[in-house]
Amino acid sequence: MRRFLNIFGMALMAILLFLPVKCNAAGKNVCQTLAESKTYRYNLDQKGKKESIKVSVSKKEHKNGYAITYDLKTTVTVNGKKIYGKTLKGRYSDNNQVKVMVVDTDQKDKQMELLIMEGEIDDGSNGAFWTSDIEHIYYYQYDNGKAKRKQDLAPLFRKDFADVFMLHGMKDSSYLTVNGKNEIYARLCVAVQNFDYVHIKRKLKLNKGKLVNVPAKSYSLMDIEDPFRPKKDITVYTEPGGLKKAFTVKKKESIYPDRLYLADGKKIYLKIKNKGGKSGYIDPKKVPTYDDGSNHMM
């Protein structure tokens, strides 16, 4: 019996050693969208007691014949002190266009971030947070009893691209996401000539209390479901802007955009694949396509 218990104990220990350890509540990535009229408690500055955070919205309806408009007043308070207030007048929808999030972008810096977003923002009732057009993302840092607006993150997410259509939320029922290791993400909708709009995942990095743009030469494309068909035979190259031929795509043959390559911070190339799995680069401006659909799934 004793031998059995020893063997059982050793086996149990081995299982515990190799099983992934679940994080406790303090170790989870905090990425919370705050509901209206509800009080949330987070230790924003990781000092003393938790702060109470509340989003209050009042709506005033106006009727002018058959037309109905709304005035929407949004107030955000921390420990009862107003840190943000805005009234949107003459709106044709009573859907509030201000959303508030608490995120912990970097779990090691002992500081959480309070984000206040403005724009044509979906309320998330159908799970489609990502269809939003976010115009501003105000980043507040709370320290020693005061909330300070430090940055507008929306221009940073749009940086490096000349033709941005919208700044969307992420698709997993959250406007923004974080990895807890100093990175925060949004979905950027970029116009690409002859290829409608494409979506890329853009990130900012938190460095000493300030979020900075993280430039990259290439980005994986998101939400690509339908192929494109060129209106003429095209040459696909081994490198962006290169002259070495990879393969040829015939007129009306299906091609699948895979990555976006940004040359010299401005010029866009697309990495595409054909049905056979061959891949290479094209200049989208030189590849007219049939208007079969859209990557911009709204």
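Data block above holds the structure.
Residues numbered from 1 in each chain as written. Predicted model: local features only at pLDDT ≥ 70, side-chain atom pairs only at ≥ 80, totals over all residues. Heavy atoms only, no water.

Novice: What should I look at first to understand the overall build of the chain in this one?
Specialist: The number of helices and strands found in the chain is two helices and 20 strands. Looking at the 298 residues of the chain, the share that counts as buried comes to 44%. Of the contacts formed within the chain by residues at least 6 apart in sequence, a portion of 49% connects residues at least 24 apart. As displayed, the chain has an accessible area near 17,100 Å², and 50% of this comes from carbon and sulfur atoms. (Helix = DSSP H or I, 4+ residues; strand = E, 2+ residues; numbered from the N terminus. Buried < 20%, exposed > 50% of the residue type's maximum accessible area, 1.4 Å probe, protein only. Contact = heavy atoms within 4.5 Å. Areas by Shrake-Rupley, 256 points an atom, 1.4 Å probe, with all protein chains shown as cover.)

Novice: I would appreciate a short explanation of the nonpolar core in the present structure.
Specialist: Here is a general trend for soluble globular proteins: nonpolar side chains tend to be buried in one another's company. Counting 44 residues, the largest nonpolar core has Ile137 and Leu176 as the members making the most contacts within it. Among the nonpolar cores identified, the runner-up in size contains 21 residues, and Ile83, Val100, Val102 and Met112 belong to it. (Core = buried A, V, L, I, M, F, W, Y, C linked by side-chain atoms within 4.5 Å.)

Novice: How should I be thinking about the sheet that holds strand S2 (residues 39-42) in this particular structure?
Specialist: The four strands lie next to each other as S2-S3-S4-S5, forming an open sheet whose pairing is antiparallel. In this open sheet, the two edge strands, each paired with only one partner strand, are S2 and strand S5 (81-91). When strand polarity is set aside, the average angle formed by the axes of neighbouring strands in this sheet is 15 degrees. One ladder, built from four bridges, connects S2 with strand S3 (residues 51-64); its direction is antiparallel. For Arg41, the partnering residue across the bridge sits in S3 and is Ser52. (Pairing = 2+ DSSP bridges. Axes fitted to C-alpha atoms, helices over the stretch in contact; angles between N-to-C directions.)

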